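Architecture at a glance
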Amino acid sequence: MKEILKVESILKQVKLIIEKNSKIEKETGGLFNIFSILNMERLEVKTHSALLYELLNPDGSHSQGSTYLKIFVNNVLSIENFDLNNVKVDRERNINSLGRVDLAIENQEHLIIIEIKIDAGDQKNQLKRYNEYGLRSGKDYDIYYLTLYGYEASNYSTGNTDINYKCISFETDILNWINKCIGAEKTPVLPAVRETLAQYLKLIEKITNQLDGGLKMEIKNLLLKDNNLEIAQQISKVIPYCRAELEYKFWTKLHHRYNEQIERLGLKYFDDVFFKDEKSDIENIVKQRKKKNGDIHFEYEVGDYNNKKIYLLIGCDGDHERIYVSFTIATEDKFFPFEENDKEMVNLIEKLGFVNSLGYGYNYVTYDLNFHTDSLLKLQNENTFNKAVKSIGDELLDIIKKVTCNKELNDIII
């Protein structure tokens, strides 16, 4: 009982700190963020690639020459003696049959290739193709794989080959770089540049689930008092189960509310282990969410095709971090990648609005709910929870109707 009271006391103190900081943020305009207002928080190309390119480009509109590029090369890439004279920075560089490179930094002796991933999945042989491009350049080259948390690329991207690349993250590497850029040379007296960098810094903290620096310091100081840290560690062990229970309740409500409507469209629910036992389902969600590509989904059978079965999977995995419908072709013991299907089926899958990601066809809902970020926490509010179920369920129905009403598909399935 004494420990429970101590836990309640710590939580109340943390809540007061958060409320105080939220009030300060509101009063000082700290909640105003142009990237959030324009709904551009997670756009790889239009937000992150574009801004990183502009900052790294010595001819960028910041008019600071190679100042930010120098910090980036030295502190993020850790490349020594990189010649900043006659350097060329490109965004979406066309490398012909090998594809396009998100960011390329090149001088006479050295080529730097950077692939940026926020939500998009890996493309087939992507890093393998970039490695080939590096080899063909005849220069020293380095490949960097930039993700939110410094994840490794999939075998789908490397082509199951031993590609020499380095992982960097928005969470630490880009965050620290932007911090250094804010304090670099003339930046403090350049309001437009300084404030843009400050807002981008806030955006990175948000999409990587980090606390504001001041808030982090206050909570840290509280936890270092008395025996608070040990208690906080015990609390932290329960958090994954709280998140998993919220997620489980969402999937259960979604399934119960829409399963009958989906089956009326001609699909058959594939009755596997999910929705059988709440305790084991929650344990499974906790286990899956610890993995980079952990996947939670349930399945519907569409029909038979060429001695295989077509399924629609509804779920959310770590590779995409968004709720999806996946068009999948399988036998009892094997899923068939996109490229292993015949051309007619590949074209049909694309016509139905599914994109090839990690070798399979995916379509995504637009509602802002991500089980890998703190957006999950809004499900604690009953009204928001019900709105999320309805909005996502209705959108899933629209995607499924497009599949089940497609004449081309109905003509080839049994």
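Position numbers for residues count from 1 along each chain, tracking the sequence in the order it is written. Local features in this predicted model are restricted to residues whose pLDDT is 70 or higher, and side-chain atom pairs enter the listing and the counts only when it is 80 or higher, whereas totals over whole chains, interfaces and linings include all residues. Think of the side-chain values as coming from all heavy atoms in the structure, minus any hydrogens and water.

1. Quick word on the environment of E332
- Secondary structure elements follow DSSP: runs of H or I of four or more residues count as helices, runs of E of two or more count as strands, with numbering from the N terminus. Inspection of the secondary structure puts E332 in the loop between strand 9 (323–330) and strand 10 (335–336).
- Spatially, the C-alpha atoms of E332 and K308 are 8.3 Å apart, while their sequence positions differ by 24 residues.

2. Comments concerning the nonpolar core
- Each nonpolar core is a collection of buried residues, namely Ala, Val, Leu, Ile, Met, Phe, Trp, Tyr and Cys, held together in the definition by side-chain atoms within 4.5 Å. Here the term buried applies to any residue with accessible area under 20% of the maximum for its type, exposed to any over 50%, and partly exposed to those in between, with areas from a 1.4 Å probe on protein chains only. If you look at the biggest cluster of nonpolar residues, it comprises 50 residues, and the most contacted ones within it are F250, W251 and F327.
- Contributing elements (two or more residues each) for this core: helix 10 (228–264), helix 11 (278–289), strand 7 (295–305), strand 8 (308–317), strand 9, helix 12 (343–351) and helix 13 (382–404).
- We call two residues in contact when some of their heavy atoms are within 4.5 Å. If we skip the residues at most four places from it in the chain, F250 touches I323, L369, F371, L379, F385, A388, V389 and I392.
- Judged by nonpolar contacts, the second largest core, of 41 residues, contains L51, L148, L197 and Y200.

3. Observations concerning helix 11
- Given a rise of 1.5 Å per residue, 12 residues ought to cover 16 Å, and the 16 Å separating the end C-alpha atoms of helix 11 matches this to within 8%.
- Among all positions of helix 11, only D281, I282, I285, V286, Q288 and R289 are buried. Multiplying 1.5 Å by the helix residue count minus one yields the expected span of that helix.

4. Notes on the sheet that holds strand 2 (residues 100–106)
- Across the sheet, 5 strands lie side by side as 1-2-3-4-5; this open sheet has mixed pairing. Edge positions in the sheet fall to strand 1 (88–94) and strand 5 (166–169), since each has one partner strand and no second. Recorded for the sheet is a direction-independent mean angle of 25 degrees between the axes of neighbouring strands.
- Any two strands between which DSSP finds at least two bridges are classified as paired. In the sheet, strand 1 pairs with strand 2 via 6 bridges, with the strands oriented antiparallel. Lines fitted to C-alpha atoms define the axes here, with helix axes fitted over just the stretch in contact, and angles between the N-to-C directions of these axes take values from 0 to 180 degrees.

Everything listed here is a matter of geometry and, on its own, says nothing about what the molecule does.
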